[in-house]
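Structural description and commentary
Letter by letter, the chains look like this.
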Amino acid sequence: GTHPNLTVSFSGLTIRYGDNNIPTSDPDFAFTGGGVDVYFTGSGNSTTFTDCVISNNRSRTSYGGGLNVDSSAAGTNTLTLTNVTFSNNSTMSTTSTSHGGALNVFGNNVTVNISNNTFTNNTVPTGASYGGAINSRPNSGSLTIDITVFSGNSAWYGGAIFADFGPVTITYSRI
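What comes next is a walk through the structure. (Residues numbered from 1 in each chain as written. Predicted model: local features only at pLDDT ≥ 70, side-chain atom pairs only at ≥ 80, totals over all residues. Heavy atoms only, no water.)

1. Considering the packing of aromatic side chains
Centre distance and the angle of the planes are the two values used to describe a pair of aromatic rings. Threshold: Two aromatic rings, drawn from Phe, Tyr or Trp (for Trp, its six-membered ring), form a pair once their centres lie within 6.5 Å of each other, and the interplanar angle then sorts them: stacked below 30 degrees, edge-to-face above 60, tilted otherwise. Secondary structure is summarised from DSSP: a helix means a run of H or I of at least four residues, a strand means a run of E of at least two, and numbering begins at the N terminus for each. Think of it in three bands: with a 1.4 Å probe and only protein chains considered, a residue is buried below 20% of the maximum accessible area for its type, exposed above 50%, and partly exposed in between. We call a charge positioned over a ring when the NZ of a Lys or the CZ of an Arg lies within 6 Å of the ring centre and within 35 degrees of the ring normal.
One pass over the structure, following the stated rule, counts 7 aromatic pairs. Ring centres of Tyr130 and Tyr157 lie 5.0 Å apart, and the angle between their planes is 20 degrees; on these two criteria the pair is classed as stacked. Highlighted residues: Tyr130 in the loop between β14 (118–120) and β15 (134–138) and Tyr157 in the loop between β17 (149–151) and β18 (161–163), separated in sequence by 27 residues. Relative accessible area serves as the criterion here: at 38%, Tyr157 is assigned to the partly exposed category. With 6.5 Å between their ring centres and 85 degrees between their planes, Trp156 and Tyr157 make a pair best called edge-to-face. Among the aromatic residues, those joined into a ring-pair cluster are Tyr130, Trp156, Tyr157 and Phe162. The residue whose ring lies beneath Arg137 is Tyr63, and the NZ or CZ to ring-centre distance is 4.8 Å.

Laid out in structure tokens, this is it:
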């Protein structure tokens, strides 16, 4: 269904050791997101993570090792990450669906705001894989990164960031 104008917030939470092994043929689309899977079905929705740790999660068959964000909505939805540590998350499939070791963003009209985060040692396998730390490929939307450090992330394309849309704004960050 469509669920507009929902606000979901996570604060002071540690999400670790998630291990999603559901096959990509699953009709419920439960194969994305090793640690967390956010799916926006309406417009005007907002999900926020503040002072969280997302670590040591893996998606064995698909994308979004630490966090996957998807949207089928026509309107704009927002993901905000503030002071979040992403470390040692991975995708493991050797197919073309293995993107976003720490964070994968896909869908329509997703605005992503990242501030004061760290992305360390997140990986996707070699081959046709994108975004060791972040893979961002919404049909429209934006990606804003501020005061964030990327270190030791790896992928076939975009060890730190692979962004297949614009605008992308990065300020006061180290990659």
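Continuing now.
2. Considering the sheet that holds strand β8 (residues 67–71)
Strand pairing in a sheet takes place through backbone hydrogen bonds and is either antiparallel or parallel in direction. Note the threshold: The criterion for strand pairing is that DSSP finds at least two bridges linking the strands in question. A fitted line through C-alpha atoms represents every axis, and for helices the fit uses only the stretch in contact; the resulting angles, taken between N-to-C directions, go from 0 to 180 degrees.
With parallel pairing, 5 strands are arranged side by side in an open sheet as β4-β8-β12-β15-β18. Strands with a single pairing partner mark the edges of an open sheet, and in this sheet they are β4 (36–40) and β18. Adjacent strand axes in the sheet meet at a mean angle of 10 degrees when their direction is disregarded. Taken together, the 3 bridges between β15 and β18 define a ladder with parallel strand orientation. What sits directly across from Ile134, in β18, is Ile161.

3. A closer look at the environment of Thr120
Stated precisely, the cut-off is as follows: Contacts were defined at the residue level, with two residues in contact if any of their heavy atoms lie within 4.5 Å.
Within the secondary structure, Thr120 is located in strand β14. Residue class for Thr120 comes out partly exposed when judged on its relative accessible area of 27%. Measuring from C-alpha to C-alpha, the distance between Thr120 and Gly35 comes to 16 Å, with 85 residues separating the pair along the chain. In this structure, Thr120 is in contact with Phe86, Ser87, Asn88, Ser151 and Asn153, ignoring residues within four places of it in sequence.

4. Here we look at the nonpolar core
In plain terms, the rule: We define the nonpolar core as a collection of buried residues of types Ala, Val, Leu, Ile, Met, Phe, Trp, Tyr and Cys that are connected through side-chain atoms lying within 4.5 Å of one another.
Core analysis: the largest hydrophobic core is formed by 28 residues, its most contacted members being Phe49, Leu67, Leu81, Leu103, Ile114 and Ile134. For this core, the elements supplying multiple residues, two or more each, are β4, β8, β9 (77–82), β12 (103–107), β13 (110–115) and β16 (141–146). Sequence-distant contacts of Ile114, that is, excluding residues within four places in its chain, are made with Leu81, Leu103, Phe119, Ile134, Leu143, Thr144, Ile145, Asp146 and Thr148.

5. Side note on the sheet that holds strand β6 (residues 53–55)
The strand order β2-β6-β10-β14-β17 describes an open sheet built from 5 strands, whose pairing is parallel. Here the strands that pair on one side only, and so sit at the sheet edges, are β2 (14–16) and β17. Direction aside, neighbouring strands of the sheet carry axes that sit 5 degrees apart on average. Where strand β10 (residues 85–87) lies against β14, 3 bridges are found, and the strand directions are parallel. Within β14, the residue paired with Phe86 across the bridge is Phe119.

6. Comments concerning the pairing of β4
Within a regular strand, side chains alternate between the sheet's two faces. Alternating residues of β4 divide into Val36, Val38 and Phe40, all buried, and Asp37 and Tyr39, none buried. Bridge count for β4 against β8 is 5 bridges, and the pairing is parallel. Across the sheet, the residue bridging to Tyr39 is Asp70, located in β8.

Interpretation in functional terms is not warranted from these geometric data alone.
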